[in-house]
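Summary of structural features
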Amino acid sequence: MSRQARDEHEKAKYQEGFTSGKAVCTMNWGRAFYNAIEDLGVKTFLDVGCGSGTFCLDMVTIFEATHAYGIDVASVSLDLVPKNHPDLTFFDGSATKLPLQDDAVEWVASFDVLEHIQPEDVDQVLDEITRVSTKGLLLTISHRLRNEIVNGENLHATVQPLSWWQAKLESRGWNVTPLGESAIKGSGKDSKLVCKRA
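Heads up: these notes are all about the structure in this document. (Residues numbered from 1 in each chain as written. Predicted model: local features only at pLDDT ≥ 70, side-chain atom pairs only at ≥ 80, totals over all residues. Heavy atoms only, no water.)

1. Brief notes about the overall build of the protein chain
- Tallying secondary structure elements over the protein chain gives five helices and nine strands in all.
- Along its sequence from the N terminus, the protein chain presents helices and strands in the succession α-α-β-α-β-β-β-α-β-β-β-α-β-β.
- When the 198 residues of the protein chain are sorted by exposure, 50% land in the buried category.
- The contacts of the protein chain with a sequence gap of at least 6 include a subset with a gap of at least 24, amounting to 67%.
- Roughly 9,200 Å² of accessible area belongs to the protein chain as shown, and the carbon and sulfur atoms make up 49% of that amount. (Helix = DSSP H or I, 4+ residues; strand = E, 2+ residues; numbered from the N terminus. Buried < 20%, exposed > 50% of the residue type's maximum accessible area, 1.4 Å probe, protein only. Contact = heavy atoms within 4.5 Å. Areas by Shrake-Rupley, 256 points an atom, 1.4 Å probe, with all protein chains shown as cover.)

2. Side note on the side chain of His 156
- Checked against the element boundaries, His 156 lands in the loop between β7 (153–154) and α5 (162–170).
- In contact with His 156, not counting residues within four places along its chain, are Asp 112, Glu 115, His 116, Ser 142, Arg 144, Leu 145, Arg 146 and Glu 148.

3. A word on the packing of aromatic side chains
- Inspection of every chain in the model, using the stated rule, returns seven aromatic pairs.
- When the centroid spacing of 5.4 Å and the interplanar angle of 75 degrees are considered together, the rings of Phe 45 and Phe 55 count as edge-to-face. In this pair, Phe 45 sits in strand β1 (residues 44–48) while Phe 55 sits in helix α3 (residues 54–61), placing the two residues 10 residues apart along the sequence. A single burial state applies to Phe 45 and to Phe 55, both of which are buried.
- Aromatic pair Tyr 69 and Phe 91: ring centres 6.1 Å apart, planes at 10 degrees, arrangement stacked. Here Phe 91 lies in strand β3 (residues 88–92) and Tyr 69 lies in strand β2 (residues 67–72), a separation of 22 residues in the sequence.
- These aromatic residues form a ring-pair network of at least three members: Phe 33, Tyr 34, Phe 45, Phe 55, Phe 63 and Phe 111. (Phe/Tyr/Trp six-rings, centres within 6.5 Å; stacked < 30°, edge-to-face > 60°.)

Next comes the structure, spelled out in structure tokens:
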């Protein structure tokens with residue numbers, strides 16, 4: 001399947017998830033990082049898989065970031081993100097090719113998204129978020145296969161242990177600090193990671 005065909009397939013799948021109300025969550029997973037964000041003094045950032053854009057909006061209104069970018073394969077095209085805010089920019093697209101210059105933002109956030117990336121695209125997505133970030137990454141990654149099925153496909157496409165993700169991030173020059181693994185509803189775990197340039 002070509003890159004364009006894969007991107008179109010993923011867009012259709014997640015649009016179906018959003019519009020059907022099944023399986024695609026719109027909660028703000030970034031709240032777990034609010035204390036860390038205050039200490040980091042984040043001014044510019046990109047939220048990969050921004051969903052409803054709530055985290056981006058909080059960054060410019062609560063934490064006074066100077067600009068927040070969000071990208072999502074479905075929610076932006078469905079018009080689910082905040083509109084007409086001068087400090088917010090949202091992109092409709094895939095994380096495999098981020099529409100930003102090299103070193104465009106200090107921090108990249110991606111909460112409960114990387115496990116949704118197709119295995120053959122993981123390296124490209126990690127290269128892209130590394131390319132655009134100057135300071136660090138804030139990540140939540142699930143290590144469990146969930147019962148989130150849209151169009152016959154489980155949305156957690158890349159389920160790997162923390163050590164696998166950590167090795168991939170460290171090979172790209174990130175110092176990875178787990179904020180701990182927490183059980184979610186008693187079934188599996190997720191990891192919250194702060195990654196800084198080595």
